Amino acid sequence: GMRRGELGGLKWDCVDFARNQIIVKRVRDRNGLRDTTKSGKSRLIPINPSLYPILLDLWNKRSDDSQLV
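Remember, predicted model here, so these are calculated numbers, not experimental data. (Residues numbered from 1 in each chain as written. Predicted model: local features only at pLDDT ≥ 70, side-chain atom pairs only at ≥ 80, totals over all residues. Heavy atoms only, no water.)

Peer 1: Help me understand the nonpolar core in this model?
Peer 2: The tendency in soluble globular proteins is for nonpolar side chains to be buried side by side. Leu10, Trp12, Cys14, Val15, Phe17, Ile22, Val24, Ile45, Ile47 and Leu55 form the largest nonpolar core, which has 10 residues in total. The residues touching Leu10, leaving out its near neighbours within four places in the chain, are Met2, Val15, Ile22, Gln67, Leu68 and Val69. (Core = buried A, V, L, I, M, F, W, Y, C linked by side-chain atoms within 4.5 Å. Buried < 20%, exposed > 50% of the residue type's maximum accessible area, 1.4 Å probe, protein only. Contact = heavy atoms within 4.5 Å.)

Peer 1: Where do I start with unusual backbone geometry in this structure?
Peer 2: Excluding glycine, most residues fall at negative phi; most peptide bonds, likewise, are trans. Not every positive phi belongs to a glycine, and Asn20 is a case in point at roughly 60°. Structurally, Asn20 can be placed in the loop between β1 (15-16) and β2 (21-24). By relative accessible area, Asn20 is classed as partly exposed at 32%. (Helix = DSSP H or I, 4+ residues; strand = E, 2+ residues; numbered from the N terminus.)

Peer 1: Hey, could you run me through the pattern of salt bridges in this one?
Peer 2: Pairing between side chains of opposite charge can happen when the charged atoms of each approach one another. Applying the stated criterion across every chain yields a total of eight salt bridges. For the salt bridge of Arg19 with Asp16, the shortest nitrogen-to-oxygen distance reads 3.4 Å. Residue Arg19 is classed as exposed on the basis of its relative accessible area, which comes to 62%. A salt bridge links Asp35 to Arg26, with the shortest nitrogen-to-oxygen separation between them at 3.4 Å. Overlapping salt bridges bring together Asp13, Lys25, Arg26 and Asp35 as one network. (Salt bridge = Lys/Arg side-chain N within 4 Å of Asp/Glu carboxyl O.)

As structure tokens, then:
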């Protein structure tokens, strides 16, 4: 799973629909958005089959300048 701060820092460049995974490499905390995780390492999270259509719908409805999921 993902930590709350990792979810808050999730951008579309880290959602890989082709490989069905999310790349966790940044976090949002009280100091803002950081390009590192708590451990300092990125990791891969598989996209749950029930989450996939939700993410795809959000992707299709996003505005052109939207980066955050």
